[in-house]
Amino acid sequence: MAHRIAIIAGDGIGTEVMPEGVRALEAAAKRFAIDLDTQTFDFACCDYYLEHGKMLPDDWRETLIDFDAIFYGAIGWPEKVPDHISLWGSLLKFRREFDQYVNLRPCRLLPGIKSPLAGREPGDIDFYVVRENTEGEYSSVGGTMFEGTDREVVIQETVMTRHGVDRVLKYAFDLAQSRPRKKLTSATKSNGIAITMPWWDSRVAEMAKQYGDVEVDKFHIDILTANFVMHPDWFDVVVASNLFGDILSDLGPACTGTIGVAPSANINPEGTFPSLFEPVHGSAPDIAGKGIANPIGQIWSGAMMLEHLGHKDAGDAILAAIEAVLEDGDSEVLTPDLGGNGTTERLGAAISERIAQG
Ligand code: NAD
Ligand code: IPM
Ligand code: MN
């Protein structure tokens, strides 16, 4: 049976990397005889919002709920639409309403890419950030009082629920248990954020009792960011609240050379709702329109999507093709963030050719 994939390219470089993501998917689908049924939607700031005054049509839920997955580029064009409007009207809405409570973000130093961290080789950086994706610091609970006066007060609450935290911790512990090192690191800040974070630590300790074979440690988020840079080899699976996970999942890939390669999977593990696959990066207005964005984050996200849909062999083949092209190191093919002078299209085409060749 065909897998139904909804494609939302979005804004800026989202529209440039998506065609390469789709080309790679099609190459893998052909090689592994996978039936993909794709449908494209123009839900973005440019120009859907500008035409309709909203990011999504009113029937977006019915429209998207029966897809097997959503393949997503990037949203955001702050010059025209304030970011909190566009992101809460699209990506963050999908994460919450489709209960994609796990945001799985691999950080891996790929062959052929030079890490900005001196002396680091592939193998030294190979971990996952598991980010809580539906609550925590990203809760729209709060408000403003005495607006416009010098007594103005702005409050935004962090909301953590036992259900919400335990389920993402379980996912992270299961992932750690499935990996050779079986190590889980928790991001905390229980010294300063004295209500939610000590409680987060207590949930981690409680869950750890069920995973005797998993080595568990924790760091406050400030020193954890330092350790990402100083000792990236310490990490295997890092579990974090929504905001801490957001920060760690840009820092981790930066340590692997460029955020342009970083993929992510916004997963509803129960399969009740479609999961969403997107690069970690945004719409990058500073380079949009130049055709030089790195498409690897999008292509690797497509590999994660195929794996999620039950085609691990196809996902692995995409990653192998990415690695082979990076190892070739042809500066005419690699995009500028990788030190080359290639284009999005050239790098994407080279990867798709490799996928097809096998
Ligand atoms: P960004 O990730 O778009 O860009 C940060 C920097 O990284 C820029 O210098 C950019 O040129 C570079 N970069 C990003 N992706 C790259 C790629 N594939 N190849 C080469 N270089 C790349 O982050 P930002 O500048 O903070 O945000 C820009 C817009 O994107 C904002 O509207 C923001 O809200 C939005 N955003 C959306 C998503 C998403 O849809 N998932 C994620 C992050 C940011
Ligand atoms: C990400 C992005 C989003 C987030 C923004 C665009 C709302 O930075 O996917 O990491 O903060 O989750
Ligand atoms: Mn982010």
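Residues numbered from 1 in each chain as written. Chains lettered and ligands numbered in written order. Predicted model: local features only at pLDDT ≥ 70, side-chain atom pairs only at ≥ 80, totals over all residues.

An unreviewed UniProt entry annotates the protein chain as D-malate dehydrogenase (decarboxylating) of Halomonas sp. RT37. Under the heading Sequence similarities (unreviewed entry), UniProt records this for the protein chain: "Belongs to the isocitrate and isopropylmalate dehydrogenases family." Listed under Catalytic activity (unreviewed entry) in UniProt, the entry text for the protein chain is "(R)-malate + NAD(+) = pyruvate + CO2 + NADH". (UniProt positions renumbered as here; feature names shortened; annotations may be inferred.)

Looking at the site of ligand 1
Taken together, 23 residues form the shell around ligand 1, and within it Gly76, Gly260, His281, Gly282 and Asn294 come nearest. For the shell around ligand 1, the per-class residue count stands at twelve nonpolar, seven polar and four charged. (Near = placed C-beta within 6 Å. Nonpolar A, V, L, I, M, F, W, Y, C, P; charged D, E, K, R; others polar.)

Some details on the site of ligand 2
Taken together, Leu87, Leu92, Asp246, Val280 and Gly282 form the complete shell of residues around ligand 2. Considering only residue class, the shell around ligand 2 consists of three nonpolar, one polar and one charged.

Remarks on the nonpolar core
One finds Ala28, Ile70, Val130, Val238, Ile318 and Ile322 to be the most contacted residues of the largest nonpolar core, which totals 102 residues. Excluding residues that lie within four positions of it along the chain, Ile322 makes contacts with Leu110, Ile296, Ile299, Trp300 and Ile351. (Core = buried A, V, L, I, M, F, W, Y, C linked by C-beta atoms within 7 Å. Buried ≥ 20, exposed ≤ 12 C-beta atoms within 10 Å, placed from the backbone. Contact = placed C-beta atoms within 7 Å.)

Concerning the pairing of strand 5 (residues 126-132)
In regular strands, side chains alternate between the two faces of the sheet. The buried count for strand 5 comes to six of seven residues, which makes it a mostly enclosed element. Direction of pairing for strand 4 (residues 102-108) relative to strand 5: antiparallel, over a ladder of seven bridges. Across the sheet, residue Val102 finds its bridge partner in strand 5, namely Glu132. Pairing between strand 5 and strand 10 (residues 237-240): four bridges, direction parallel. For Val129, the partnering residue across the bridge sits in strand 10 and is Val238. (Helix = DSSP H or I, 4+ residues; strand = E, 2+ residues; numbered from the N terminus. Pairing = 2+ DSSP bridges.)

Here we look at the domain arrangement of the protein chain
When the domains of the protein chain are assigned, the result is domain 1 (1-99 + 263-358) and domain 2 (126-255). On a C-alpha basis, the centres of domain 1 and domain 2 stand 25 Å from each other. Every contact between the two is made by seven residues of domain 1 and, on the other side, seven residues of domain 2. Broken down by class, the residue content of the side of domain 1 that touches domain 2 amounts to three nonpolar, one polar and three charged. (Domains from an automatic or database assignment.)

Looking at the confidence of the model for the protein chain
Put simply, the protein chain has an average pLDDT of 98, and 100% of its residues get 70 or more. Element-level pLDDT for the protein chain is lowest in helix 2 (residues 45-52), with a mean of 94, against a maximum mean of 99 in strand 10. (pLDDT = per-residue confidence, 0-100.)

Looking at the sheet that holds strand 12 (residues 275-279)
The sheet built from ten strands is open, its strands ordered 2-1-3-12-11-4-5-10-8-9 with mixed pairing. Both edges of this open sheet fall to strand 2 (36-41) and strand 9 (215-220), since each of them pairs with a single strand only. Each strand axis lies, on average, 20 degrees off the axis of its neighbour in the sheet, ignoring direction. On top of the sheet, helix 1 (residues 14-31) reaches strand 1 (3-10), strand 2, strand 3 (69-74) and strand 12; it is set at about 160 degrees to strand 1, its chief contact. Across the face of the sheet, helix 8 (residues 221-230) comes into contact with strand 8 (183-188) and strand 9 while running at roughly 110 degrees to strand 9. (Axes fitted to C-alpha atoms, helices over the stretch in contact; angles between N-to-C directions.)

Structural notes on helix 11 (residues 312-328)
Helix length check: helix 11 (17 residues) gives 24 Å between terminal C-alpha atoms against 24 Å at 1.5 Å per residue, within 8%. Along helix 11, the positions that sit buried rather than exposed are Ala314, Gly315, Ala317, Ile318, Leu319, Ala321, Ile322, Val325 and Leu326. (Expected span 1.5 Å × (residues − 1).)

A look at the packing of helix 1 against helix 11
The geometry of helix 1 relative to helix 11 is characterised by a closest axis approach of 10 Å and an angle of 130 degrees between their N-to-C directions. Relative to helix 11, the element helix 1 is oriented oblique. Every pair of crossing elements has a handedness; the one defined by helix 1 and helix 11 is right-handed. In contact with Ala24, Ala28 and Arg31 of helix 1, helix 11 contributes Ala314, Ala317 and Ile318. Looking at side-chain class alone, the contact of helix 1 with helix 11 contains five nonpolar, no polar and one charged residues. (Parallel < 35°, antiparallel > 145°, perpendicular 65-115°, else oblique. Left-handed = near helix turned anticlockwise from the far one by under 90°.)

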